[in-house]
Amino acid sequence: MADIVPYLERIRARFEQPDTRAAFQGFAKTIQFIFTDLHRNFALSIGKDGNAALTEETLPQSDIQVTTSSDTLAGILDRKVNPELAFVTRKLKASGKMEDLLKLQKLL
Amino acid sequence: MLKVALIGAGSAVFAQRAITDILAIDGLDAGTFALVDLDSERLELAHEVAEQTIRSAGKAWTVQATTGRRSMLPGCDYVINMIEVDGLANVHSDYAIPLKYGVDQCIADTIGPGGIFKYLRTAPSWLAICRDIEELCPRAPVINYSNPMSALVLTALRATSLQVVGLCQSIVQTAYELADYMNVPYEQMRYRCAGINHLSWFVTLEMDGEDLYPRLRSAADNPAIYEQNPVRFDLMRAFGYFTTESSGHVSEYVPYFRKRRDLIDYYVRMQPDCRGGERASRWPANRVEHDERLRDYLEREKRGERAFYLERGLDAGSYIIEGHALNRPQVIYGNVGNSGLIDNLPRDGCVELACLVDGNGIHPLQFGRLPAQLAALDNVHMMIHDLLVQTLLNEEREAAVQALMLDPLTAAVCSLTEIRQLFDEMASTQQAYLPHFINPT
């Protein structure tokens, strides 16, 4: 089990970079991360200006849901786990509108 | 030392995946990747990416790259084909012209008007490549990834003496999906699957001797699961078995799901990009985006950051090389000549089934009979493949027109006269990219 908070923080910190903010400009969406091994849920809320906030909470409704284990997400961010393989083998599940999921690809 | 040719390596993202998988083979620590592409700019990107991937993997492979394949083929132990022929120039008309006639395709690269014209554009180049392999490295197994898969593999089987196998991940990917739907561990699930590419069937699905189909049918009653694959679940309810391609794509292989607006609305509601040429309009931008991402990863790797994913994927190509080069037996799913492997499908067609790979080569495994209703659905496509190969090898335009007349979706929407008009319009629009005998007279 990985300590997932620093990894989620790394995702959030990408929104401090101008290119990420530009890429997500106008993409005001919420991403719910559900960690099946930790039984903890986190929300990444992206604002219209391309800023993002990370909170530990379960949203009543989110635009994108990512369900995975802490080791899988940590492995993806450390480049040890191939996200496409994780998706195909159902170690990472993502649901939401297709165009939103394509944006998610840029983050992972 | 092993030499692996990648023909069409300018598909750099795809080439990098193949190279990554081969580099991940334990015990295969040195060799040469021979990259070939007609587009020198894309080839250069692939070359740089290959060099960097090797450095990151820490293996002693080398890379050669050229636009002239004949100089690269001598001495090759394996040839991997991933060519894309004039796709960007024609993808719009592949969707838009059929749409005028009411034929709303989804992927349009393996069947239907788009798939048939992709074959007519691609097959001459593919055949020329196969002829060169036959002359310059005839013992090399040829692994094909290009679409339309079945018709291209069949072309090589009919016209050459090469050992050709076509690879697609759809069977293994679907097996993972099924395990998830039924909430059973993938590793404990056992299955037998066969048919044709994108329309193979899980004829047996078991765990510890238990038939899993009752569980799968129960899972299909859960709307959250059904919604993920409405076409495939409805095909299972109708014909008894689960098929191997995603709902959007398989919906264009059969006549039931895309022939009326209300049906399209219902069946592709979860995949809005699977209608109205949406995929076609996105493809050019997607390609640019993929290239940009690859260049970004490359720059980061050069700066010493870890950007490439080096984990071996599910794709069977590297497992074929491992099984054959190192004589470590592997079972993969491949598209091969039928030769009686599936009793009730045409013996001279291309089928998809399990193959054993060892030091002696690729050995397709006898399957037996498919349930008649499944064989019937596959059979019509095999006859279309047959007509397409006939078109190319006999320079027989009318066989291609008849192939389109037999296409299940096109036939469900158009009259014979309309299908001929559709064919003529596509032939006229794509004239510059087609063999001379397809061009309108």
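The preceding data block contains the structure.
Throughout, a residue's number is its position along its own chain's written sequence, starting from 1. Naming scheme: in the order in which they are written, chains are lettered from A and ligands are numbered from 1. Per-residue local features are limited, in this predicted model, to residues with pLDDT of at least 70; the limit for side-chain atom pairs, both in listing and counting, is 80 or more; totals at the level of whole chains, interfaces and linings are taken over all residues. Working from all heavy atoms in the structure, the side-chain values ignore hydrogens and water.

1. Remarks on the overall build of chain B
Argument step 1. Put simply, DSSP marks the helices as runs of H or I at least four residues long and the strands as runs of E at least two long, and each gets a number from the N terminus on. In terms of helices and strands, chain B carries 18 helices and 13 strands.
Argument step 2. Atoms counted for the radius of gyration: C-alpha only. Globule rule: 2.2 Å times the number of residues to the power 0.38. Against the compact-globule benchmark of 22 Å for 441 residues, chain B has a radius of gyration of 21 Å, which places it among compact chains.
Argument step 3. Its C-alpha atoms put chain B at 60 × 55 × 45 Å along the principal axes.
Argument step 4. Residue pairs at least 24 apart in sequence account for 69% of intrachain contacts in chain B once pairs closer than 6 positions are excluded.
Argument step 5. Where accessible areas are quoted, they stem from the Shrake-Rupley method and a 1.4 Å probe; at the residue level, only the protein chains shown are allowed to cover. Total accessible area computed for chain B in this model is approximately 16800 Å², and 49% of it derives from carbon and sulfur atoms.
Argument step 6. Under the counting rule used here, the positive set is Lys and Arg, the negative set is Asp and Glu, and His together with the chain ends is not counted. We put the charge of a Lys on NZ, of an Arg on CZ, of an Asp on CG and of a Glu on CD. Of the charged side chains in chain B, 40 are positive and 57 negative; the average position of the first set lies 1 Å away from that of the second. Here a residue-residue contact requires only that any non-hydrogen atoms of the pair lie within 4.5 Å.

2. Focus: the overall build of chain A
Argument step 1. Check the secondary structure of chain A and you find 5 helices and 5 strands.
Argument step 2. Taken from N to C terminus, the helices and strands of chain A fall in the order α-α-β-β-β-β-α-α-β-α.
Argument step 3. Over its C-alpha trace chain A gives a radius of gyration of 13 Å, about what one expects of a compact globule, namely 13 Å for 108 residues.
Argument step 4. Structurally, chain A occupies a C-alpha span of about 35 × 30 × 25 Å along its principal axes.
Argument step 5. Only protein chains enter the accessibility calculation, which uses a 1.4 Å probe; a residue is then buried when its area is under 20% of its type maximum, exposed when over 50%, and partly exposed in between. Of all 108 residues assigned to chain A, the portion counted as buried reaches 46%.
Argument step 6. For chain A, the computed accessible surface area is about 5300 Å², with 51% contributed by carbon and sulfur atoms.
Argument step 7. The centroid of the 15 positive side-chain charges in chain A is displaced by 4 Å from the centroid of its 14 negative side-chain charges.

3. A word on the interface of chain A and chain B
Argument step 1. Between chain A and chain B, the contact holds 19 residues from the first and 23 residues from the second.
Argument step 2. Of the roughly 1800 Å² buried between chain A and chain B, counting both surfaces, carbon and sulfur atoms make up 48%.
Argument step 3. A carboxyl oxygen of Asp or Glu within 4 Å of a side-chain nitrogen of Lys or Arg is what we treat as a salt bridge. Taken together, the links from chain A to chain B amount to 3 salt bridges.
Argument step 4. Of the charged contacts in the structure, one is a salt bridge between A:Lys93 and B:Asp180, with a shortest N-O distance of 2.8 Å.
Argument step 5. Throughout this description, a polar contact denotes any pair of N or O atoms lying within 3.5 Å of each other; where both atoms belong to protein, one of them has to be capable of donating a hydrogen while the other can accept it, and for residues adjacent in sequence the pair is counted only when both atoms sit in side chains. Inspection of the region where chain A meets chain B yields 9 residue pairs in polar contact (both at pLDDT 80 or more).
Argument step 6. Ranked by residue count, the leading element in the side of chain A that touches chain B is helix α5 (residues 98-107) of chain A, at 5 residues.
Argument step 7. All amino acids are sorted into three groups, where Ala, Val, Leu, Ile, Met, Phe, Trp, Tyr, Cys and Pro are nonpolar, Asp, Glu, Lys and Arg are charged, and the leftover types, Gly among them, are polar. Among the residues forming the side of chain A that touches chain B, the class breakdown is 8 nonpolar, 3 polar and 8 charged. Once two parts are put together, the accessible area they lose, assessed with a 1.4 Å probe and summed over both, is termed the buried area.

4. Considering helix α13 (residues 278-302) of chain B
Within an α-helix, residues lying three or four positions from one another point in the same direction, as the helix has 3.6 residues per turn.
Residues and elements named next belong to chain B.
Argument step 1. Working rule for helices: expected span equals 1.5 Å times residues minus one. Over its 25 residues, α13 runs 36 Å from end to end, which matches the ideal 36 Å to within 8%, given 1.5 Å per residue.
Argument step 2. At Pro284, α13 shows its maximal bend, which comes to roughly 35 degrees.
Argument step 3. Looking at α13, one finds that the buried residues are Ala280, Asp291, Leu294, Tyr297, Leu298, Arg300 and Glu301.
Argument step 4. The inward-facing, buried residues of α13 contact α1 (12-23), α2 (40-57) and α4 (87-100).
Argument step 5. Gly304 lies just past α13 and shows a positive phi near 95 degrees. The seven residues ending at a residue and the seven starting there each receive a fitted axis; the angle between those axes is the bend at that residue.

5. Observations concerning the sheet that holds strand β1 (residues 30-35) of chain A
All names here are of chain A.
Argument step 1. Across the sheet, which stays open at both edges, the 5 strands sit in the order β3-β2-β1-β4-β5 with mixed pairing between neighbours. Each edge of the open sheet is held by one strand with a lone partner, namely β3 (52-55) and β5 (92-96). Across the sheet, the axes of successive neighbouring strands diverge by a mean angle of 15 degrees, strand direction being ignored.
Argument step 2. Pairing between strands is defined by DSSP: at least two bridges between them are needed. When β1 meets strand β4 (residues 64-68), the two strands line up parallel, connected through 5 bridges. In the strand pairing of β4, Phe35 is matched with Thr68.
Argument step 3. Axis definition: a line fitted to C-alpha atoms, over the contacting stretch in the case of helices. Angles run 0 to 180 degrees between N-to-C directions. Along the sheet face, helix α1 (residues 4-13) touches β1, β2 (40-46) and β3 and points at about 10 degrees away from the line of β2.
Argument step 4. α5 rests against β1, β2, β4 and β5 of the sheet, and its axis sits at about 140 degrees to β5.

6. Regarding α1(A)
Residues and elements named next belong to chain A.
Argument step 1. Those residues of α1 lying buried are Ile4, Tyr7, Leu8, Ile11 and Arg12. Seen along its axis, α1 keeps its buried residues to an arc of 145 degrees; they face one direction.
Argument step 2. The inward-facing, buried residues of α1 contact β1, β2, β3, α3 (70-77) and α5. Summarising the geometry, the arc corresponds to the directions from the helix axis toward the C-beta atoms.

7. As for the state of the cysteines
All names here are of chain B.
Argument step 1. In plain terms, two cysteine sulfur atoms within 2.5 Å form what is called a disulfide here. This structure, assessed with the given rule, holds 0 disulfides over all chains.
Argument step 2. No disulfide involves Cys274; its sulfur sits 3.3 Å from the nearest other cysteine sulfur, which is in Cys106.
Argument step 3. Note on Cys274: relative accessible area 1%, which makes it buried.
Argument step 4. Sulfur of Cys414: no disulfide; nearest cysteine sulfur belongs to Cys106 and is 18 Å away.

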